[in-house]
Amino acid sequence: MRANRVLLLLVLAGLAATPSLAFLTVAANRLVSGVSVGFAALPRGEGAAILLPAALLILASVLPRRRATHLLVVIAAAAFLLLLVRLAGVEAARLAAAAPPAVRISLGAGFWVLLLLAALALGDAIRRLELPRWAGAMVGAAVVAGFLMLLLSGALDALGIVHEYAARRDVFAAAVLRHALMVALALLPTLLIGLPLGILARRRPAVAAWLFPLLNIVQTIPSIALFGLLLAPLSALARLFPALAALGIGGIGLLPAVIALFLYALLPVVRDSADGLAGVSPAALEAGRGLGMTPRQLLWRVELPLALPVLLAGLRVATLQAIGLAAVAALIGAGGLGAIMFQGLFADALDLVLLGVVPIVLMALAVNALFDLAIAYADRVPR
Amino acid sequence: MSAWPLRYWRDPLLWTGLALVALVLLMPSTKPFFAALFPKLPRPMFDLDSFADLLIGHMLVVAASSVAATALGVGAGVFVSRRAGAEFRAVVGSIVTIGQTFPPVAVLAVAVPVVGFGFEPAFFALLLYGILPILENTIAGLASVPAPLCDAARGIGMGEASILRRVELPLAAPLIVGGIRTSVVINVGTATIASTVGARTLGLPIIIGLDGANLAYILQGGVLLGLLAIVLDLAFARLLAAVQVRRG
Amino acid sequence: MIELEHVSKRYGATTVVEDVSFTVAAGEFCVLIGSSGAGKSTTLKMINRLIPHSAGTIRVGGRDIRELEPAALRRRIGYVIQSIGLFPHWTVARNVAAVPELIGWAAARSLARAAALLEQLKLPPGEFLEKYPHQLSIGQQQRVGIARALAADPDILLMDEPFGALDPITREVLQAEIAEIQRASRKAVVFVTHDMEEALRLASRIVVMDRGRLVQVGTPLELLTAPASAFVRDFVGSDDLGIKLLGVATVAERLRSAASAPGEPIAVTASLRQALSRMVAEGVDRLGVIDGAGKLIGAIHLADLLRR
């Protein structure tokens, strides 16, 4: 029986990365570049614990593909992930204790690469076990919970990214909420307007003929340009009606961002609504009409339920896109995690950049996983 | 000139292309127009860099990353569509999806400390973001080739490499080109943001304009960007038509 | 029950159905037959207003269908189509209960009705009520389709080439079953097909159409013995006319008394064609005839088959 070649590749990549990439970087202060700390310097004492799951993963990569092997990989990879993060925290604390307080210890490329490889190995093993989707999601959630516990226990406090967080707790919380709010505020009208537009485009080809080219043009406009283009009319509006400015409606800020996000989200939702409805079995539609369903009954009882998986796929694309674009909106003063990210970018502080980026990525991954579950549930009966 | 049939002169691609080039070269001379439109602005014309250089810089980074993304995307797509690579499909999909959840700005921001400012981070960000549509469409395109066709080709003695080159890829071409088109269009937009990390693109006037509330700059950059996007879209529509094979 | 008077359908300059008039009474099994493009499906769909008619009057249950709300009209008419069209996301139970649900029946009553109909269509309810369409064979799906059409107990059943997608064996079985259901319930059935054999087997009256026009209306026997035109004669098929004639007559019509008869008897409801087939296969010139209870009631002789 052949071995798991995916795991083998991941393990080999990991073995190649370990000696050549930095685990941590230590900088004397925020402004200067760091010195790499490789894996060779570790692990001692508690750090040695990570060698066990590492060895198990290496072993599993040459074992034949059996359920037992996959299960082993799941456990070993999950343990490896958690121990890796813990090791980073512990080592950082050790280095920080021996250095002046201004020192900045950041997670190095090696850390991120090993994190990614281990996560991919975990995902691969879960897939091979052919667990139901919710079970796989639970494993992922358990690992994330483990990370959170490590974070909350203070084990990671010596890391630069945690320092940056500690220095601006409130700002961070506000930024996360802002970011989520931007996305939610844009998606609600997208759904309420985009879905009916999709239905309309399907029913009337004349509408589809101008609607889709228009939405395509919007998509090709780079986000920055659209933000910029919205500035002028909104500023003019604020000048004409000062009351609006008092409400916060002006050229910069939340409103142009939400409008732009809404406009971008329209295309995937409208297009996938139309496509989803087009994919509904014509025989079922004819039968429904013939049995005496009114057009509205047909829409709600037959068409929408059958089109739901494709609809959700469109909504997923729109949401992920919005999460990413909301980061750019920081450039026009909309706030959100992008603001933290740009601040770090312009101050050349990687840890600050990561403080903005990591939550965005986690948000996107969580949304992706939720939609995956929702789509799988909606699609449980073959059409 | 008389040798060219009339229809060439009616070609929208030709006209928008010419308009783009003309506008890029002649933009500085429209200064009075912008001055009149925005009397309150002290500097109504962007002059920190020549529009021609910005356009070339923009097209360069998009072209370079698109070529690389195509090579990687099509290569990976072909690999995971083969029997030998099938088990890698899920993990390749995961990697690209994770890359997709990173907003392009984030990739830019993270790439800068690693590769510095300018062209390089922009290239990597566009590359990462541009692979997914190409990969997805390559997989879908190859999957859409009817299996009986490949069986027949095998039956007449064609080797696997031949089948790929002469049967599968031509039939998958429309979808693959469609994916490249999507990727390029997205990248034109993302390259705009790359100006925040020092890349020379048409995004520069827009970003500086946003920073200083200079609507004239924003319009100048925006119009050129719009024309570029239209030109590329038309060019791809042409390419797509050329690779459409009648599937009978 | 259904009356069509000078009904036409035009799409722009093209007329697909022209001046068609016929009636279908309660208890009749009316088959619309013709070659492709004859307008039979269009005519059928005009009855339940899936296609609005351009001219003429259509009355259902005595009322002009233009006065009725389309959806309400259709709920009172059963509709079965060739492509079956079960709702993939609903169980068999919910599919069958579709119309009862629309008209507001209580859930328990719908479920009971669904179970009874499945039973009638030879699908054990315990096994099939909770299945999904994709788990059924095509034949089973169409049985559910028929059950769904009958759920609200409509007086009229419209069937558009319902057995066209089935294999010959299933087709024959379902033909027999629908004939039985119609006989027992006395519903008015309008059945579209292009298969002459099917028409002869099922119909009490046949409406022959050609290129949008009505060519002949009559019983199967009338069509066989008195075709109105060369088209009808050729469409019905003149080659094995005799065999077809035997197919539309039953043993009951040629029964003669007999105290006893050798060999396996034949049912009194069987067609003369089946009797001929048996005699040829078994090499006999007479068969005993039994009634529904299995009691010998007479005999049929080969010579009787030739009598007019």
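Everything below is about the structure printed above this text.
Q: Tell me about the arrangement of the chains, residues and numbers included.
A: Ranked by contact count, the leading pair among the 2 pairs of chains in contact consists of chains A and B. If you take every C-alpha in chain B and every C-alpha in chain C, the smallest gap between them is 23 Å, and the two do not touch.

Q: Help me get a handle on the interface of chain A and chain C, residues and values and all.
A: On the side of chain C, 19 residues touch chain A, which itself brings 18 residues to the contact. Elements supplying a minimum of two residues to the side of chain A that touches chain C: helix H12 (282–291) and helix H13 (295–328) of chain A. If you tally residues by element for the side of chain A that touches chain C, the top one is H12 of chain A, at 7 residues. In terms of residue class, the side of chain A that touches chain C is made up of 10 nonpolar, 5 polar and 3 charged.

Q: Residue-level account of the interface of chain A and chain B, with values.
A: Contacts between the two partners involve 34 residues from chain A, matched on the other side by 34 residues from chain B. Taken together, the elements giving at least two residues each to the side of chain A that touches chain B come down to helix H1 (5–20), helix H4 (109–129), helix H9 (223–240), H13, helix H14 (337–346) and helix H15 (350–378) of chain A. At 8 residues, the largest contribution of residues to the side of chain A that touches chain B is made by H15 of chain A. For the side of chain A that touches chain B, a count of residues per class yields 23 nonpolar, 8 polar and 3 charged.

Q: Tell me about the sheet that holds strand S13 (residues 296–301) of chain C, and please be specific about residues and values.
A: Residue and element names in this part refer to chain C. Strands sit in the order S11-S12-S13 across an open sheet of 3 strands; the sheet is mixed. Strands at the two margins of the open sheet, each flanked by one partner only, are strand S11 (266–267) and S13. Pairing of strand S12 (residues 286–290) with S13, which is carried by 5 bridges, proceeds in the antiparallel orientation. Bridging from a neighbouring strand, Gly288 pairs with Ala299 of S13.

Q: With reference to specific residues and values, describe the nonpolar core.
A: One finds Ala77, Ala121, Ala257, Leu261, Ala329 and Met341 of chain A together with Leu108 of chain B to be the most contacted residues of the largest nonpolar core, which totals 246 residues. At 15 residues, H13 of chain A tops the list of elements feeding residues into this core. For Ala121 of chain A, the residues in contact, after removing those within four places along its chain, are Leu7, Leu10, Leu57, Val73 and Ala77 of chain A. Core analysis: the next-biggest nonpolar cluster, separate from the first, contains 8 residues, Val251, Ala275, Leu287 and Val289 of chain C among them.

Q: So what's going on with the packing of H9 of chain A against helix H11 (residues 215–243) of chain B? Which residues, and what values?
A: The interhelical angle for the contact between H9 of chain A and H11 of chain B, taken along N-to-C directions, is 135°, at an axis separation of 10 Å. It follows from the interaxial angle that H9 of chain A and H11 of chain B lie oblique. Note on packing geometry: the crossing formed by H9 of chain A with H11 of chain B is left-handed. Across the interface between the two elements, Ala225, Gly228, Leu229, Leu231 and Ala232 of chain A of H9 of chain A pack against Leu215, Ile218, Gly222 and Leu225 of chain B of H11 of chain B. Among the residues making up the contact of H9 of chain A with H11 of chain B, the classes are represented as 7 nonpolar, 2 polar and no charged.

Q: Go over the pairing of strand S9 (residues 205–210) of chain C, please, and point to the residues and values.
A: Residue and element names in this part refer to chain C. Note that strand S3 (residues 29–34) and S9 share 5 bridges and pair parallel. Considered in S9, the bridge of Leu32 is made with Val207. Both S9 and strand S10 (residues 213–218) contribute to a ladder of 5 bridges, which runs antiparallel. Bridge pairing links Met209 to Leu214 in S10. The turn joining S9 and S10, which pair antiparallel and follow one another in sequence, is formed by 2 residues; a positive phi near 50° is taken by Arg211.

Q: Explain the environment of Leu214 of chain C residue by residue, including any values.
A: All names here are of chain C. Residue position: Leu214 is located in strand S10. Exposure remark for Leu214: the 22 C-beta atoms within 10 Å place this residue in the buried category. Residues Leu214 and Glu18 lie 196 residues apart in sequence; the distance between their C-alpha atoms is 8.0 Å. Once you skip the residues sitting within four places of it in the chain, Leu214 turns out to touch Val20, Ser21, Phe22, Val207 and Met209.

Conventions used here
- Residues numbered from 1 in each chain as written.
- Chains lettered and ligands numbered in written order.
- Predicted model: local features only at pLDDT ≥ 70, side-chain atom pairs only at ≥ 80, totals over all residues.
- Contact = placed C-beta atoms within 7 Å.
- Helix = DSSP H or I, 4+ residues; strand = E, 2+ residues; numbered from the N terminus.
- Nonpolar A, V, L, I, M, F, W, Y, C, P; charged D, E, K, R; others polar.
- Pairing = 2+ DSSP bridges.
- Core = buried A, V, L, I, M, F, W, Y, C linked by C-beta atoms within 7 Å.
- Buried ≥ 20, exposed ≤ 12 C-beta atoms within 10 Å, placed from the backbone.
- Axes fitted to C-alpha atoms, helices over the stretch in contact; angles between N-to-C directions.
- Parallel < 35°, antiparallel > 145°, perpendicular 65-115°, else oblique.
- Left-handed = near helix turned anticlockwise from the far one by under 90°.

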